[in-house]
Amino acid sequence: MTVYSVKQLLASVAPVESEVTVKGWVRNRRDSKAGLSFVSISDGSCFDTIQVIAETNLTNYESEILSLTKDCAVIATGKLVASLGGGQKYEIQASKIEVTGFVESPDTYPVSPKRHTVEYLREHAHLRIRTNLMSSVMRVRNTVSMAIHDYLQTNGFNWVHTPLITASDCEGAGELFKVTTLDLANPPRDEKGKVDFKQDFFGRESYLTVSGQLNVETYCMGLSKVYTFGPTFRAENSNTTRHLAEFWMVEPEIAFANLMDDATLAQGMLKHVFKTVLNKNSDDMGFFAQFIDKNVVTRLERMVNDDFEMITYTDAMKRLEASGKSFENPLYWGVDMASEHERFLCEELVGKPTIVTNYPKDIKAFYMRQNDDGKTVAAMDILAPGVGEIIGGSQREERYDVLVARMMEMGIEPESLSWYLDLRRYGSAPHAGFGLGLERAVSYITGVQNVRDIIPFPRTPKSATF
RNA sequence: GCCUCAAUAGCUCAGACGGUUAGAGCGACGGACUGUUAAUCCGCAGGUCGUAGGUUCGAUUCCUACUUGAGGCGCCA
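Here, residues in each chain are numbered from 1, in the same order as that chain's written sequence. Labels are handed out in written order, letters beginning with A for the chains and numbers beginning with 1 for the ligands. For a predicted model such as this one, the threshold for reporting local features is a pLDDT of at least 70, and the threshold for listing and counting side-chain atom pairs is 80 or more; totals across whole chains, interfaces and linings nevertheless cover every residue. Heavy atoms from the whole structure form the basis of all side-chain values; hydrogens and water molecules are not counted.

1. Looking at the overall build of chain A
Our working definition: Each helix corresponds to a stretch of at least 4 residues labelled H or I by DSSP, and each strand to a stretch of at least 2 residues labelled E; elements are numbered beginning at the N terminus. Here the term buried applies to any residue with accessible area under 20% of the maximum for its type, exposed to any over 50%, and partly exposed to those in between, with areas from a 1.4 Å probe on protein chains only. What makes two residues a contact is simply this: any of their non-hydrogen atoms within 4.5 Å. Each accessible area is a Shrake-Rupley estimate made with a 1.4 Å probe; only the visible protein chains count as cover when residues are assessed. Only four residue types enter the tally: Lys and Arg on the positive side, Asp and Glu on the negative side; His and the chain ends are excluded. By convention, the charge on Lys lies at NZ, on Arg at CZ, on Asp at CG and on Glu at CD.
In terms of helices and strands, chain A carries twelve helices and 17 strands. Projected onto the principal axes, the alpha-carbon positions of chain A cover approximately 85 × 60 × 45 Å. The buried share of chain A, taken over its 466 residues, is 51%. Sequence-distant contacts in chain A: of pairs separated by 6 or more residues, those separated by 24 or more amount to 66%. Working note: accessible area of chain A is about 22200 Å², and carbon and sulfur atoms make up 50% of it. For chain A, the distance from the average site of its 50 positive side-chain charges to the average site of its 61 negative ones is 3 Å.

Now the structure itself:
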């Protein structure tokens, strides 16, 4: 007898009529008084279950099999046969079913075999992976992660493991979580009575990173094509369906590249990811199409074939104004687009992912490269219908004098980022990069609207239970 | 951080202008039937109506605070 995953069994990896073993959790049991029970088993390897036929000749048929409920853990062994019933290709004629764990009190077991709301499942995050919804989301999340690696590795990128702890508080992307080993009830004080961080672990104030970008830029200036892929932390008090305090981000950075190279890379990577998901997770996507949003598959297919729309910020403002639509938030050149503007632009006016380029410099970060017009920077945001911004990127300012001047204008002490400025003094090269929010991308792909249901254990304000 | 909404059975919800025994569907459990597959049919159990105060003869229902959750906005990925 050989152990197989459900996926292998359904994919004809095991010879028919051979003895096989499968290990997993019961999704459903149906009894027939003809003297047999149908036990559907899931092991997470794929969307579908394998049907195991248990007959009365099993020694534990009366004592255990007839008591199996959803999510009892079992090891089933038997002969793999062509299914006698419709609905599946193969099934297992069990010779032995070992129950390694029953479910206590199935009447109050949180993940009962019925439809649950995502809010309810979130409160049982340690058990929610046993639902079709969450297991499909997690398989797609895995595919997306590996497709990103695959695309970048195939194109010669190096994965750089940038630090999660940082000492620079001016990365420019929101509030930071403080990292300290000081006794908060009784911290050491300096002569002015302030907390003396010289005595802290790193000898200075330190934080969890809000972006690996500044660090990865340094490795870009030696490895040419690099990316970060890891968790990122924002202490913003954001309460929305698309914000997490801890989320995963991919940040490619390319040397000798401009904004157009950056946009081309972003588009190529997204298309590869979409195509891979359509190929590898068609059953999961079919589930989303049936229960979440019927458009998810056709939307992705169109995305793979069509190019994204590219439009400058200035033209986007013109189109929004010309649309005659009235908005809650002010709309004029120089203001940052509000969610309603971004959504109307990419959902109504364009109807597909939209790359907005060349934003006014005053609403963007200090490191973005100034355009010759003196008013805009070489930035881009990629907006996805239904989700909003999934990518933010830019060509970086590689000119030392311009960068320092910009930092001074924005009140950032150049001395605090001297190592970052050194890149512009020692062999500076034009370069560009972007950040992709992994949860937002998977949210867009699956149609599952809240990023709290895209990450295994969401961290949000006032919530870190599991 | 701001605004809005919600909290009644294991889950999703209905309900009572404040008045004896609070309902349904799903799930669980028991039974019937069946190579079944979100099975079907019948039956049974299951509730201090989020917490604490207040108004009232009487509050699960009205009021206040709190807690928790959700949605929108802002911040952004």
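2. Some remarks on the protein's contact with RNA strand B
Note the following rule: Note on terminology: near, applied to a residue and a molecule or strand, indicates that one of the residue's heavy atoms is within 4 Å of it. In protein, a polar contact means a hydrogen-donor-capable atom and an acceptor-capable atom, both N or O and within 3.5 Å, with residues adjacent in sequence counting only if both atoms are side-chain atoms; elsewhere, any N or O pair within 3.5 Å suffices.
With respect to spatial proximity, 53 residues lie near RNA strand B, and among them Asn-28, Gly-86, Glu-91, His-243 and Arg-440 are the closest. Atoms of RNA strand B within 4 Å of the protein: sugar and phosphate make up 53%, bases the balance. Between Arg-234 and RNA strand B, the recorded distance is 2.6 Å, taken from a side-chain N or O atom to a sugar or linking oxygen. Between RNA strand B and the protein, one listed contact pairs a phosphate oxygen with a side-chain N or O atom of Ser-339 at 3.0 Å.

3. Examining the sheet that holds strand 9 (residues 178–179)
The following threshold applies: DSSP bridges decide pairing: two strands pair if at least two such bridges lie between them.
On the basis of which strands lie adjacent, the open sheet formed by three strands has the order 8-10-9 and antiparallel pairing. The sheet is open, and its two borders are formed by strand 8 (165–166) and strand 9, each paired with just one other strand.

4. Some details on the packing of aromatic side chains
Here the distance between the centres and the angle between the planes together describe a pair of aromatic rings. Condition: Only Phe, Tyr and Trp rings are paired, with Trp represented by its six-membered ring, and only when their centres lie within 6.5 Å; those with planes under 30 degrees apart are stacked, over 60 edge-to-face, the remainder tilted.
Summed over the entire model, instances satisfying the criterion amount to 15 aromatic pairs. Measuring from centroid to centroid gives 5.8 Å for Tyr-313 and Trp-333, while their planes differ by 80°, and the two rings are edge-to-face. Of this pair, Tyr-313 sits in helix 8 (residues 313–322) while Trp-333 is found in the loop between helix 8 and helix 9 (339–350), placing the two residues 20 residues apart along the sequence. Judged by relative accessible area, which is 0%, Tyr-313 ranks as buried. In this structure Trp-333 comes out as partly exposed when scored by relative accessible area, which is 34%.

5. Thoughts on the nonpolar core
Let me state the cut-off plainly: Take the buried residues of types Ala, Val, Leu, Ile, Met, Phe, Trp, Tyr and Cys, join any two whose side-chain atoms come within 4.5 Å, and each joined set is a nonpolar core.
Core analysis: the largest hydrophobic core is formed by 53 residues, its most contacted members being Ile-148, Phe-274 and Leu-436. Once you skip the residues sitting within four places of it in the chain, Phe-274 turns out to touch Leu-300, Met-303, Val-304, Phe-308, Tyr-444 and Ile-445. Membership of the second largest hydrophobic core comes to 31 residues, among which are Leu-345, Val-350, Val-356 and Tyr-367.

6. Things to note about the environment of Leu-423
With respect to the helices and strands, the residue Leu-423 is situated in the loop between helix 11 (418–422) and strand 17 (431–437). Here Leu-423 falls in the buried class, since its relative accessible area comes to 14%. Between the C-alpha atom of Leu-423 and that of Tyr-400, which follows or precedes it by 23 residues, the distance is 8.6 Å. Setting aside residues up to four positions removed in sequence, Leu-423 forms contacts with Glu-217, Thr-218, Met-221 and Ser-428.

7. What about the confidence of the model for chain A?
Counted only if it meets this: One number per residue, pLDDT, summarises how confident the predictor is, and it ranges from 0 to 100.
Scored by pLDDT, chain A has a mean of 92; 99% of the residues are at 70 or more. Averaged over each element, pLDDT in chain A is lowest for helix 9 (88) and highest for strand 7 (residues 158–159) (98). Confidence metrics for the complex model read pTM 0.94 and ipTM 0.89.

8. Some details on the pattern of salt bridges
Two side chains that carry opposite charge are able to pair once their charged atoms sit near each other. Under the convention used in this document: The rule for a salt bridge is simple: a side-chain nitrogen of Lys or Arg has to be within 4 Å of a carboxyl oxygen of Asp or Glu.
The final tally for this structure, using the stated rule, is 21 salt bridges. Between Arg-139 and Asp-284 there is a salt bridge, with its nearest N and O atoms 2.9 Å apart. In this pair, Arg-139 sits in helix 3 (residues 132–154) while Asp-284 sits in helix 6 (residues 282–291), placing the two residues 145 residues apart along the sequence. Accessibility assignment for this pair places Arg-139 and Asp-284 in one class, buried. Glu-217 is paired through a salt bridge with Arg-396; the nearest N and O atoms lie 4.0 Å apart.

9. Examining the pairing of strand 15 (residues 376–384)
In terms of residue burial, strand 15 counts as a mostly covered element, since nine of its nine residues are buried. Looking at chain direction, strand 14 (residues 354–360) and strand 15 are connected through six bridges and run antiparallel. Paired with Val-356 across the strands is Asp-381, a residue of strand 15. As judged from the six bridges shared by strand 15 and strand 16 (residues 388–396), these two strands associate in the antiparallel manner.

10. A look at the sheet that holds strand 13 (residues 309–312)
The cut-off we apply is this: To obtain an axis, a line is fitted to C-alpha atoms, over the contacting stretch when the element is a helix, and the angle between two such axes runs from 0 to 180 degrees between their N-to-C directions.
In space, the eight strands of this open sheet follow the order 7-11-12-17-16-15-14-13, with mixed pairing throughout. Across the chains shown, the open sheet's two edge strands, defined by having one partner strand only, are strand 7 and strand 13. Set on the sheet, helix 4 (residues 213–223) makes contact with strand 7, strand 11 (225–233), strand 12 (246–255), strand 16 and strand 17; between it and strand 12 the angle comes to about 30°. The sheet strands contacting helix 8 are strand 13 and strand 14, and the helix crosses strand 13 at an angle near 95°.

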